[in-house]
Amino acid sequence: MRKSYLNRIKANISIYARTNTSSLLDGNYKSIYKGKSLNFDDLREYVVGDSVKDIDWKASSRTRKLLVKQYVAEKTHNVMLILDTDKKMLGFSSDDEIKKDIALMTAGTISYLCSKNGDSVGAIYNKDNKMEYFPFRNDLFNLEKILGKYDNDINDTNSSNINKTLEYIQNHVRKSMIIFIITDIDGMDNINSNYFRELSMKHDIMLINISDGFVFGKNVFDMDSNSFIPNIFSKNKTLFELEAQMKDEMYISCVNKISKYRVGIVTINNISEIPMKIIKLMEEYKYANRH
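Quantities reported herein were computed from a predicted structural model and do not represent experimental measurements.

A. Just the overall build of the protein, in detail. Looking only at helices and strands, the protein features eleven helices and ten strands. In the protein, which comprises 291 residues, the proportion classed as buried is 46%. Residue pairs in contact within the protein that sit at least 24 positions apart in sequence constitute 75% of those at least 6 positions apart. When the accessible surface of the protein is summed, it comes to about 15,700 Å², and 51% of that surface belongs to carbon and sulfur atoms.

Here it is as structure tokens:
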């Protein structure tokens, strides 16, 4: 019997347990964002700058010292997954793994870490002009539901428009969120930068690029034309070099487009590197946006 998505994700994370990667993931995730101080922890003496609203007058009268309530940060968040369901996600990454599988495991890994941290996870994607929306919830059943539906909803006739998804979020979701956009270079390139500008004012945004395979090798299949590429093209090294250069230029263009909008970005090539790449994304985002 096929393992559940949750068990596959746990197994993927546990591969790195010997090097404490999973605990590092948790630590990085919890330390990126400052939650609101809502949970009472202890009393301490008043210092200049403390809010008068935090003074505990009863305790102060008993001890004859001015005491204020001290709080601990509440580190819970609303995490939104924006997923690319276009048929191109059935293609291969640069490491010859199916992009959909990498996207699936990436979304699952992020969701699993969020669940362990007590956060609520939602998801949204556009499929053939129809919006699939999963409200924020904090349970593993919700995680399985999101991943299972996403897996089933990708086929070789799909078209997906991330701009429509971002527009829906902008108009209908009012909560502050941490947004993870999981797509490929084509999806990144097609995103209207106006959405980054508007959404980054209220939300934290991180972009995960699933790398594309190359038109080079044996039996190369073109998703757009739904046919195999003739060997005269797929085995041409000059064309391979031109394609690699074009992809590099497109990636740099995407980075330049989003750099001024406080958006984190990372590229993932295969399933085994997902945990470390998520660490990289979070570390770089935290460093770039600390005050």
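That shown, we press on.
B. Examining unusual backbone geometry more closely. One non-glycine residue, Arg 64, lies in positive phi territory at about 60°. Within the secondary structure, Arg 64 is located in the loop between helix H3 (57-63) and strand S2 (67-73). Classification of Arg 64 by relative accessible area gives exposed; the value is 80%. The phi torsion at Asp 128 lies on the positive side, around 50°, for a residue other than glycine. Structurally, Asp 128 is set in the loop between strand S4 (120-127) and strand S5 (130-137). Given the relative accessible area of 36%, Asp 128 is considered partly exposed.

C. Looking closely at the packing of aromatic side chains. What the rule picks out here adds up to three aromatic pairs. Three or more aromatic residues joined by ring pairs form one cluster here, namely Tyr 125, Phe 134 and Tyr 150.

D. Focus on the pattern of salt bridges. Within this structure, the stated rule accounts for 15 salt bridges. Close ionic contact of Asp 184 with Lys 88 constitutes a salt bridge, the shortest N to O distance being 4.0 Å. Here the residue Asp 184 occupies a position in strand S6 (residues 178-184), and Lys 88 occupies one in the loop between strand S3 (78-83) and helix H4 (99-116), the gap between them amounting to 96 residues. Residue Asp 184 is classed as buried on the basis of its relative accessible area of 0%. For Lys 88, a relative accessible area of 14% corresponds to the buried category. In this structure, Asp 153 engages Lys 127 in a salt bridge whose closest nitrogen and oxygen atoms are separated by 3.6 Å.

E. Inspection of the environment of Ala 103 at higher detail. Positionally, Ala 103 belongs in helix H4. Along the chain, Ala 103 and Asp 184 lie 81 residues apart, while their C-alpha atoms are 9.3 Å from each other.

F. Highlighting the pairing of strand S7 (residues 204-210). Buried residues dominate S7, accounting for seven of its seven residues. Alternating residues of S7 divide into Asp 204, Met 206, Ile 208 and Ile 210 and Ile 205, Leu 207 and Asn 209, and every residue in both groups is buried. Sheet topology places S6 next to S7; seven bridges connect them, and they run parallel. Residue pairing in the sheet places Ile 182 in a bridge with Ile 208 of S7. For S7 and strand S10 (residues 263-268), the ladder comprises six bridges, and the chain directions are parallel. For Leu 207, the partnering residue across the bridge sits in S10 and is Ile 265.

G. Structural detail: the pairing of S6. Among the seven residues in S6, seven count as buried, and that is most of the element. Of the two faces of S6, the one holding Ile 178, Phe 180, Ile 182 and Asp 184 and the one holding Ile 179, Ile 181 and Thr 183 are both buried throughout. Bridge count between S3 and S6: five bridges; the pairing is parallel. Looking at the pairing, Leu 81 lines up with Phe 180 of S6.

H. Region of the structure containing the nonpolar core. Core analysis: the largest hydrophobic core is formed by 34 residues, its most contacted members being Leu 81, Ile 110, Tyr 150, Phe 180, Ile 208 and Ile 210. Of all the elements, H4 adds the most residues to this core, at eight residues. Once you skip the residues sitting within four places of it in the chain, Ile 208 turns out to touch Thr 106, Ile 110, Phe 180, Ile 181, Ile 182, Thr 183, Val 266, Ile 268 and Leu 281. Ile 124, Ile 162, Tyr 195 and Phe 196 belong to the second-largest nonpolar core, a separate cluster that totals 24 residues.

I. Summary view of helix H6 (residues 162-172). When H6 is considered as a whole, its buried residues turn out to be Ile 162, Asn 163, Thr 165, Leu 166 and Ile 169. Buried residues along H6 cover an arc of 160° about the axis, so they all sit on one side. In the core, the buried residues of H6 are packed alongside S3, S4, S5, S6, helix H7 (185-190) and helix H8 (193-199). Its side-chain oxygen at 2.9 Å from the backbone nitrogen of Asn 163, Asn 161 defines the N-terminal cap of H6.

Cut-off values and rules
Residues numbered from 1 in each chain as written. Predicted model: local features only at pLDDT ≥ 70, side-chain atom pairs only at ≥ 80, totals over all residues. Heavy atoms only, no water. Helix = DSSP H or I, 4+ residues; strand = E, 2+ residues; numbered from the N terminus. Buried < 20%, exposed > 50% of the residue type's maximum accessible area, 1.4 Å probe, protein only. Contact = heavy atoms within 4.5 Å. Areas by Shrake-Rupley, 256 points an atom, 1.4 Å probe, with all protein chains shown as cover. Phe/Tyr/Trp six-rings, centres within 6.5 Å; stacked < 30°, edge-to-face > 60°. Salt bridge = Lys/Arg side-chain N within 4 Å of Asp/Glu carboxyl O. Pairing = 2+ DSSP bridges. Core = buried A, V, L, I, M, F, W, Y, C linked by side-chain atoms within 4.5 Å. Arc of directions from axis to C-beta. Polar contact = N/O pair within 3.5 Å; in protein donor to acceptor, adjacent residues only side chain to side chain.

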